[in-house]
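Summary of the model geometry
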Amino acid sequence: METVLCFVELAGLFLSLTGYICCLVALFIPHWLTLSSGLLVNENYVLGLWQTCVVQDVGFSLCQEYQTPLHLPVQVQMGRVLVCLSVLIGALGFMASTPALTCVKCLDSTERNVRKMLNILGGLLFSVAGVLTFFSVSYFAYDTLIKFWDHNIPKDVPRWEFGDAMYLGWVGGFFLLSGGCILIFSQFQVTQEAERKSP
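Residues numbered from 1 in each chain as written. Predicted model: local features only at pLDDT ≥ 70, side-chain atom pairs only at ≥ 80, totals over all residues. Heavy atoms only, no water.

As recorded by an unreviewed UniProt entry, the chain carries the name Claudin and is attributed to Eleutherodactylus coqui.

1. Focus: the state of the cysteines
For the record, the criterion: Note on terminology: disulfide denotes any pair of cysteine sulfur atoms within 2.5 Å. In this description a helix means any DSSP run of H or I spanning at least four residues, a strand means any run of E spanning at least two, and both kinds are numbered starting from the N terminus. Using a 1.4 Å probe on the protein chains alone, a residue whose accessible area is under 20% of its type maximum counts as buried, one over 50% counts as exposed, and one in between counts as partly exposed.
Taken as a whole, this structure holds 1 disulfide when the rule is applied. With its sulfur 1.9 Å from that of its partner, cysteine 53 forms a disulfide with cysteine 63. In this structure, the disulfide formed by cysteine 53 and cysteine 63 twists by about 110 degrees around the S-S bond and is classed as right-handed. Residue cysteine 53 is located in strand β3 (residues 51-56), and its partner cysteine 63 is located in strand β4 (residues 61-65); the two are separated by 10 residues in the primary sequence. For cysteine 63, a relative accessible area of 38% gives the class partly exposed.

2. Digging into the UniProt feature "transmembrane region" (unreviewed entry) in the chain
How we decide: UniProt positions are given in the numbering used here, feature names are shortened, and annotations may be inferred rather than shown by experiment.
In this structure's numbering, the residues bearing the UniProt feature "transmembrane region" (unreviewed entry) are residues 12-33, 78-97, 118-142 and 167-188. Strand forms 0% of residues 78-97 and helix 100%; the C-alpha atoms that close the span are 28 Å apart. For residues 167-188, helix accounts for 100% and strand for 0%, while the C-alpha atoms at its two ends are 32 Å apart.

3. Brief notes about the nonpolar core
Most often, soluble globular proteins keep nonpolar side chains buried together rather than apart. Where we set the bar: Buried Ala, Val, Leu, Ile, Met, Phe, Trp, Tyr and Cys residues that are joined via side-chain atoms within 4.5 Å together make up what is termed a nonpolar core.
Counting residues in each nonpolar core, the largest one holds 28 residues, and the members touching the most others are Trp32, Leu49, Val76, Phe126, Phe140, Met166 and Leu176. Those elements giving two or more residues to this core turn out to be α1 (2-28), α2 (74-97), α3 (112-148) and α4 (164-197). Considering each element in turn, this core owes the most residues, 7 residues, to α3.

4. Section: the side chain of arginine 80
Note the threshold: As used throughout, the charge tally considers Lys and Arg to be positive and Asp and Glu to be negative, leaving His and the chain termini uncounted. Here, a salt bridge means any Lys or Arg side-chain nitrogen found within 4 Å of an Asp or Glu carboxyl oxygen. What makes two residues a contact is simply this: any of their non-hydrogen atoms within 4.5 Å.
For arginine 80, the position within the fold is in helix α2. Put simply, arginine 80 is tucked away with no salt bridge, and the nearest opposite charge, on glutamate 65, sits 7.5 Å away. Apart from the residues lying within four places of it in its own chain, the contact partners of arginine 80 are Leu49, Trp50, Tyr66, Pro69 and Leu72.

5. Structural notes on the pairing of strand β2 (residues 43-47)
For clarity, the threshold we go by: DSSP bridges decide pairing: two strands pair if at least two such bridges lie between them.
By the bridge criterion, 4 bridges tie strand β1 (residues 33-36) to β2 in an arrangement that is antiparallel. Its bridge partner being in β2, leucine 35 is matched across the sheet by tyrosine 45. Hairpin connection, β2 to β3: the antiparallel pair is bridged by 3 residues.

6. A look at the environment of isoleucine 89
Along the chain, isoleucine 89 turns up in helix α2. According to the relative accessible area criterion, isoleucine 89 is buried, its value standing at 15%. Counting along the chain gives 43 residues from isoleucine 89 to leucine 132, while the straight-line C-alpha distance between them is 9.7 Å. Beyond its immediate sequence surroundings of up to four residues, isoleucine 89 is in contact with Leu125, Val128, Ala129 and Leu132.

Spelled out as C-alpha cells, the structure:
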C-alpha cells in the first residue's frame, strides 16, 4: 500500500515540477507574442513580460527592457503579477509537500495526519499555481485574438500572434493543476483504504 502511495505521490510531484519549470521558462523568455513585419522576411519581433526583441534569422537579436511598468498594456501587467504569484505559490507547494512524501523519512509513521495535511496543502498550492498561470495565459490569448480579428485594422497591417511562451504557460498550468489534483486525491484514497481495513 505504501509503495503504491509513494509512486502516486512522486508522479504528482514530478508533474508539478515539470509544470513549474515550464512556468519559469515562460515567465522569463520574451516569446509571448510574435510579429512578422512582412517587409523584411528574415526579421521578427517578439514580445515578453519583461522586454521586447527584434530577432533575425541569422541568430542576431536585439532586446530592450520596458522602461516603466505604468505604460504597459493591462495583459502584460496582469501576466507579470499572476505568473510571478504562480511561481511563488508553486515553490511553497514544493516546500509543503516534499517533506511529507511517503518515500521521504522526514516525518515518523505516527505523524500520518500531519503528512496527509501537508500533502493536501501542497496539492492545493500546486492547483492554485496552475489556475493562475492558466488564467494569465488565457487572458493574454483572448486579448490577442480580439485585436487580431479587429475589423477596424486594415488587413495588410501585421498582427501579433501566439508565441512559444504562451504554449509553455498552458502546458505548465495544466501540469501543475494535474500534479496538485493527484497529490490531493492520493491522500483521500489512503484514508478510504485505511477505513476499509479497520475493524
